[in-house]
Amino acid sequence: MSKSRDRLARVFAGVTLLALGLTACSTPPAADHTGATATGPVEGGELVFGDIELQTDFQTQRGFNYTQTNIFRSVLDRLTDTDPDTGEVVPWIASEWDINPDNTEFVFTIRSGVTFSDGTPLDAAAVKANLDLLGQGEDDKGIVPNRDFIGYESSEVDGDKVIVRLSAPNRDFLRATAGSTASLVSLSTLELDYEGQADIAQIVGSGPFVFESEVPDELVSFVRRDDYAWPSSLSTNQGAAYLERIVFRGIPEVGLRVGAVTSGQVDVARGVQPSDEDAAAAAGLTVDAVETPDLTANWIAFRGDAPIVDDPAVRHALQIGWDREGLKSTVLSDSYELSGSVLNRTAPGFVDLSEQIEYDPEEAARLLDEAGWVEGADGIRAKDGQRLAISVAASPRSVVIRPAVEYLESQWRALGVDVTNNAGDSAILTTALGDPEYAAIGSRQFYLGGLGPLFSGAGNTNTYYDDAELNELFAQQRAATDEEQWNDTVAQIQQRLVVDTGLVLPLWDEAQVHAIGPDVHLSFDGGSAPLLQEAWVSE
Amino acid sequence: MTATATSIASPASSQRKKTTARVIWYVAGRIGQAILVLWLTYTIVFVAIQLLPSDPITIFLSTDAPADPELVERLRSHYGYDLPWYEQYVRQLANLARGELGFSISTGQPVLVRIGEVVGSTLLLATTALVFGVLFSVAVAAGAYLVRASRLNALIVAIPSVLAAVPVFWLGIIVLIVFSFQLQILPLFPDGSLISLLIPAAVLAIPVSAPLMQVLLTSVRESGTLPFVQTARAKGLSPRRVFVHHVLRASLAPAVAVLGIVIGALVAGSVITETVFSRPGLGNVLLKGVIAQDVPLVQGLVILTTLVVVLTALVIDLLLPALDPRMLRGGDLTGVGRLGS
């Protein structure tokens, strides 16, 4: 009785507060920070992960969004894994592998004793069936080949080994097997049509958690698989997960993510905006900016044949015509590092090109003057009657891209460039991605199959530019016989993309900022997916 | 036997039959119009999609990864987007007539299944919001009619404009910060509790009630001057009684007539309310469909929403004469807004 009266009183209090409109800016009460003394992992419990949205399509080939990879990591296993610190490929379901000198034949040894949650074995035959679907796609189901499986021809089972044959050298095929899109599913799952394979309730995997329930657009939950014993070789827990149950929820409204953690309604939230980081830390949460060597850095790609930016002088001037440090101090936070290349600092093969794209307004202006772009009465440069005006589109999923382009807009205007900021508008992004004439798009992408699938040929939706030298370098990268050669080629690719052609303008290293509750012990993989198999929650 | 019975029908029954025939013609006509509106909606959506710079498959694939031309070709033929436009038009229209809305590109599910998953949640939210909206509106109309203090009255009359101007998105976030994070009485994620329905519904009721209030206020003001109201007042009835039994009743028809618009506002409002309150529902699916550029899904939702609006309008047209018998007098079944004339 008194409880309901109390509730009523609180509702009235709420209405009063609301009417006064006082609350928008006030900070939420600090969470009860008990500061758990770590004595080791605690068994049991539940972890609720608040993602930026909930996915509905779980067909593994389409698993290139964070919202899918975050779930796949706990439900499906892969042949290999990448070390988030070094980017190195390490064993998972494949205990070892052998690559021929030509990079055309890969022999994977499949770990024994691995089973799917329906009891069927995850053996060499199951791996072959998965690789075939990944490499060849399935026309009549509308399932397309995995874009990172370049040159995939066939697989053959030999005891506990799977021999993969490629039609052309591709050293990066090994890394591609560590990708979320290359997650392994049971034979019964492969037999399903597209709709079935996209349905998380029907997917049978061999991962540490098994599907429990789904409430469309509300949550997906999974429970621990007690006999799980084949995690990635990197996992600190080589047995079953500590957590009993994991739940994924979507918090589409960016401003509510930190509050969701401080009020204890989720344990972790992804996609915290820079302006909320201090409040999260003040409330006793851990603000973890997770680096992602499996993805490229954030960049703006210019369409090489689009009007205005088809002039290399314009591209180079835009690259050096803005104060990079200012971006970090005004838009980003300490969670972000300015990037020195198209790749993240933590990625294998990264070369630091930041000195060559350093802020130099005089040089930028000189480049434009020299190319004939003369400042008009409105302060905007023009050449042969054409104004130096460009548009930039980018995905709405990033919490910082729109303000970042706003910053660029102000910087470039001082240079005499008119910018239309379409970042964060998904409708315009759609048009822009399909339109080679649209000047520039901002993005960051998984690239486990190398930069080739992202930037080669005239049809790539990032630059729409067919650069013979780049194509040749991509082929060289795939054919590299040793690490040194590979690193060398990857360095040349970065040099070509960023410095020589100016097609890519590096922004900041990709990082996914998470707010983590005080009782949660959690780390992440190279694509920023939570490692829930080794996570635990203290009492 | 039957034939005889028919042939000796009385003049009264033949008059009744004539009326019945008129009503049937009227209803058939309205249904025909409804189908025409649906067909036009389908056609406009189809044309809009044709006018897009690329087809739904390229659009969908290109949002998150570089598109491989071969892959685009395969999916295009899988979903039938490789056919000439007229074939696509006829094929999709035939499917629509059979009640098939095609497949969502982003989930692979049939569009109807995807919608069916969440339609219940939206219906519950929208119905509750509608009830709130009607209650708010009647309360404001009553206040405006009954409160004589001019300043207070001016304040009440200004409410609809204020409500129309409040951004639901902002209000929803403030409500969540207060009730969910600070007072912790409202779960951020709906848990089936009454409060997790009532608060979002109250927020959704804000934009919905604004047009209702505006119409109701105007018609209450107009009805208040009608002779039968003055008669009622002259008889010495209390203002409250006059309002409830005479003014409100006479003012309902125009308010009901704007329900069609209100249903539209409910759909638009549900996109925002469901997103902010993390509620599953049509609005949420529509937003996701737009973000994922899932053309068949958005197309299906637009057509279904049109269907709902058209059906609501149809039902309202059929109900209005019952609410306000004055409409029948002129034999004009479709006319609204004849009050005070």
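From a predicted model like this one, the values you see are computed outputs, not experimental measurements.

### Digging into the overall build of chain B
Working step 1: What chain B contains, in helices and strands, is 15 helices and 0 strands.
Working step 2: Looking at chain B residue by residue over its 341 residues, the buried ones come to 46%.
Working step 3: Taking contacts inside chain B between residues at least 6 apart in sequence as the whole, the part at least 24 apart equals 70%.
Working step 4: In the form shown here, chain B has an accessible surface area of approximately 16,500 Å², with 70% of it arising from carbon and sulfur atoms.

### Some points on the environment of Ala280 of chain A
All names here are of chain A.
Working step 1: With respect to the helices, strands and loops of the structure, Ala280 is situated in helix H8 (residues 274–282).
Working step 2: Judged by its relative accessible area of 0%, Ala280 falls in the buried class.
Working step 3: Sequence spacing of Ala280 and Val261 is 19 residues, and the spatial spacing of their C-alpha atoms is 8.6 Å.
Working step 4: Apart from residues lying up to four places away in sequence, Ala280 is in contact with Val258, Leu285 and Val287.

### What about the sheet that holds strand S20 (residues 504–506) of chain A?
All names here are of chain A.
Working step 1: The 5 strands lie next to each other as S18-S17-S19-S13-S20, forming an open sheet whose pairing is mixed. The strands lining the two open edges of the sheet, one partner per strand, are strand S18 (418–423) and S20. Between one strand axis and the next, the sheet turns by 20° as a mean value, whatever way the strands run.
Working step 2: Note that strand S13 (residues 299–302) and strand S19 (residues 440–443) share 4 bridges and pair antiparallel. Looking across to S19, one finds that Phe302 is bridged to Ala440.
Working step 3: Contacts between helix H13 (residues 426–434) and the sheet are confined to strand S17 (389–394), S18 and S19, with S17 contributing the most and set at about 110° to the helix.

### Some details on the sheet that holds strand S15 (residues 381–383) of chain A
Either a parallel or an antiparallel arrangement is found when strands of a sheet pair, and the pairing is made through backbone hydrogen bonds.
All names here are of chain A.
Working step 1: Strand order in the open sheet made by the 3 strands is S14-S15-S16, with antiparallel pairing throughout. Where the open sheet ends on each side, the last strands, each with one partner, are strand S14 (374–375) and strand S16 (386–387).
Working step 2: As paired elements, S15 and S16 share 2 bridges and run antiparallel to each other. What sits directly across from Ala382, in S16, is Arg387.

### Side note on the confidence of the model for chain A
Any segment with low pLDDT has predicted coordinates that should not be analysed in fine detail.
Working step 1: Considering every residue of chain A, the mean pLDDT works out to 90; 93% of them sit at 70 or more.
Working step 2: Confidence drops under a pLDDT of 50 for residues 14–37 of chain A, and excluding neighbours within four residues, the segment shows 28 contacts in the predicted structure.

### Description of the pattern of salt bridges
Residue and element names in this part refer to chain A.
Working step 1: Tallying each qualifying case throughout the model produces 30 salt bridges over all chains.
Working step 2: A salt bridge links Arg387 to Asp378; the nearest nitrogen and oxygen atoms lie 3.0 Å apart.
Working step 3: Through salt bridges with shared partners, one network takes in Glu43, Arg224, Asp226 and Glu244.

### Comments concerning the nonpolar core
Working step 1: Counting 86 residues, the largest nonpolar core has Leu256, Ile300, Leu327, Ile390, Trp412, Val417 and Trp508 of chain A as the members making the most contacts within it.
Working step 2: Examining the composition of this core, we find that 10 residues originate from one element, helix H8 (residues 168–182) of chain B, more than from any other.
Working step 3: Excluding residues within four positions of it along the chain, Ile390 of chain A makes contact with Ile308, Val309, Leu318, Trp412, Val417, Asp418, Val419, Thr420 and Ala439 of chain A.

### Description of the packing of helix H6 (residues 111–146) of chain B against helix H9 (residues 195–223) of chain B
Residues and elements named next belong to chain B.
Working step 1: Taken N-terminus to C-terminus, the directions of H6 and H9 make an angle of 40°; their axes are 6 Å apart at the nearest point. What the angle tells us is that H6 and H9 run oblique. Handedness of the H6/H9 crossing: right-handed.
Working step 2: Taken together, the residues of the contact of H6 with H9 sort by class into 27 nonpolar, 4 polar and no charged.

### Structural notes on the layout of surface pockets
Working step 1: Empty space within the largest pocket amounts to approximately 760 Å³.
Working step 2: Pro252, Glu253, Val254, Arg257 and Pro396 of chain A are the residues nearest the centre of the largest pocket, which is lined by 29 residues in total.
Working step 3: Of all the secondary structure elements, the ones that give two or more residues to the lining of the largest pocket are helix H12 (401–414) of chain A together with helix H12 (259–276) and helix H13 (282–291) of chain B.
Working step 4: It is H13 of chain B that provides the largest number of residues to the lining of the largest pocket, a total of 4 residues.
Working step 5: Its residues assigned to classes, the lining of the largest pocket comprises 13 nonpolar, 8 polar and 8 charged.
Working step 6: The space that makes up the second largest pocket amounts to roughly 600 Å³.
Working step 7: Along the wall of the second largest pocket there are 27 residues; nearest its centre are Tyr79, Asn95, Leu101, Gly102 and Phe103 of chain B.
Working step 8: Within the residue set of the lining of the second largest pocket, elements represented by two or more residues are helix H6 (194–198) of chain A together with helix H4 (69–79), helix H5 (85–97), H6 and helix H14 (295–323) of chain B.
Working step 9: Top contributing element to the lining of the second largest pocket by residue count: H5 of chain B, with 5 residues.

### Let's talk about the pairing of strand S9 (residues 219–224) of chain A
Residue and element names in this part refer to chain A.
Working step 1: Of all the 6 residues making up S9, 5 are buried; the element is thus mostly covered by neighbouring parts of the structure.
Working step 2: By the bridge criterion, 6 bridges tie strand S8 (residues 209–215) to S9 in an arrangement that is antiparallel. Residue pairing across strands places Val215 opposite Leu219, the latter belonging to S9.
Working step 3: With antiparallel pairing between neighbouring strands as the criterion, S8 and S9 make up a hairpin whose turn holds 3 residues, including Asp217 at a positive phi of roughly 65°.

### Describing the pairing of S13 of chain A
Residue and element names in this part refer to chain A.
Working step 1: Burial along S13 is two-sided: the residues Trp299 and Ala301 and Ile300 and Phe302 are all buried.
Working step 2: Sheet analysis places S13 next to S20, joined by 3 bridges and oriented antiparallel. Counterpart to Ile300 in the pairing with S20 is Leu505.

### Concerning a nonpolar patch on the surface
Working step 1: Where nonpolar side chains cluster on the molecular surface, the patch consists of Leu36, Trp39, Leu40 and Ile44 of chain B and spans about 400 Å² of accessible area.
Working step 2: Along the polypeptide, Ile44 of chain B turns up in helix H2 (residues 11–51).

### So, the packing of H12 of chain B against H13 of chain B
Residues and elements named next belong to chain B.
Working step 1: Between H12 and H13, the shortest axis-to-axis distance is 7 Å and the interhelical angle comes to 90°. Taken together, H12 and H13 sit at an angle that is classed as roughly perpendicular. Each of Ser270, Val271, Glu274 and Thr275 in H12 lies in contact with H13, whose residues at this interface are Leu282, Gly283, Asn284, Leu286 and Leu287.
Working step 2: Considering only residue class, the contact of H12 with H13 consists of 4 nonpolar, 4 polar and 1 charged.

### Looking at the environment of Glu510 of chain A
Residues and elements named next belong to chain A.
Working step 1: Within the secondary structure layout, Glu510 lies in the loop between S20 and strand S21 (511–516).
Working step 2: For Glu510, a relative accessible area of 3% translates into the label buried.
Working step 3: Along the primary structure Glu510 and Gly255 are separated by 255 residues, whereas in three dimensions their C-alpha atoms are 21 Å apart.
Working step 4: Excluding residues within four positions of it along the chain, Glu510 makes contact with Tyr66, Val290, Glu291, Thr292, Leu295, Thr296, Ala297, Asn298, Asn344 and Arg444.
Working step 5: Among the polar contacts made by the side chain of Glu510, one reaches the side chain of Gln512 at a distance of 2.9 Å.

### Overview of the packing of aromatic side chains
Working step 1: Under the defined criterion, the tally for this structure stands at 19 aromatic pairs over all chains.
Working step 2: Measuring from centroid to centroid gives 5.1 Å for Phe46 of chain B and Tyr89 of chain B, while their planes differ by 80°, and the two rings are edge-to-face. Separated by 43 residues along the polypeptide, Phe46 of chain B in helix H2 and Tyr89 of chain B in helix H5 bring together distant segments of the chain. Note on accessibility: Phe46 of chain B and Tyr89 of chain B belong to one class, buried.
Working step 3: The structure contains a cluster of three or more aromatic residues connected by ring pairs, namely Phe106, Phe108, Phe149, Tyr152 and Phe173 of chain A.
Working step 4: In this structure, Arg175 of chain A is placed above the aromatic ring of Tyr447 of chain A, and the distance from its NZ or CZ to the ring centre is 5.9 Å.

Cut-offs used in this document
- Residues numbered from 1 in each chain as written.
- Chains lettered and ligands numbered in written order.
- Predicted model: local features only at pLDDT ≥ 70, side-chain atom pairs only at ≥ 80, totals over all residues.
- Heavy atoms only, no water.
- Helix = DSSP H or I, 4+ residues; strand = E, 2+ residues; numbered from the N terminus.
- Buried < 20%, exposed > 50% of the residue type's maximum accessible area, 1.4 Å probe, protein only.
- Contact = heavy atoms within 4.5 Å.
- Areas by Shrake-Rupley, 256 points an atom, 1.4 Å probe, with all protein chains shown as cover.
- Pairing = 2+ DSSP bridges.
- Axes fitted to C-alpha atoms, helices over the stretch in contact; angles between N-to-C directions.
- pLDDT = per-residue confidence, 0-100.
- Salt bridge = Lys/Arg side-chain N within 4 Å of Asp/Glu carboxyl O.
- Core = buried A, V, L, I, M, F, W, Y, C linked by side-chain atoms within 4.5 Å.
- Parallel < 35°, antiparallel > 145°, perpendicular 65-115°, else oblique.
- Left-handed = near helix turned anticlockwise from the far one by under 90°.
- Nonpolar A, V, L, I, M, F, W, Y, C, P; charged D, E, K, R; others polar.
- 1 Å grid on protein atoms, 1.4 Å probe; cavity = no way out; pocket = protein on both sides within 12 Å on 5 of 7 lines; lining within 4 Å.
- Points joined across faces, edges and corners; volume = space filled by probe spheres on them.
- Patch = residues over 30% accessible without salt bridge, like charges linked within 9 Å, V, L, I, M, F, W, Y side chains within 5 Å.
- Polar contact = N/O pair within 3.5 Å; in protein donor to acceptor, adjacent residues only side chain to side chain.
- Phe/Tyr/Trp six-rings, centres within 6.5 Å; stacked < 30°, edge-to-face > 60°.
- Lys NZ or Arg CZ within 6 Å of the ring centre and 35° of its normal.

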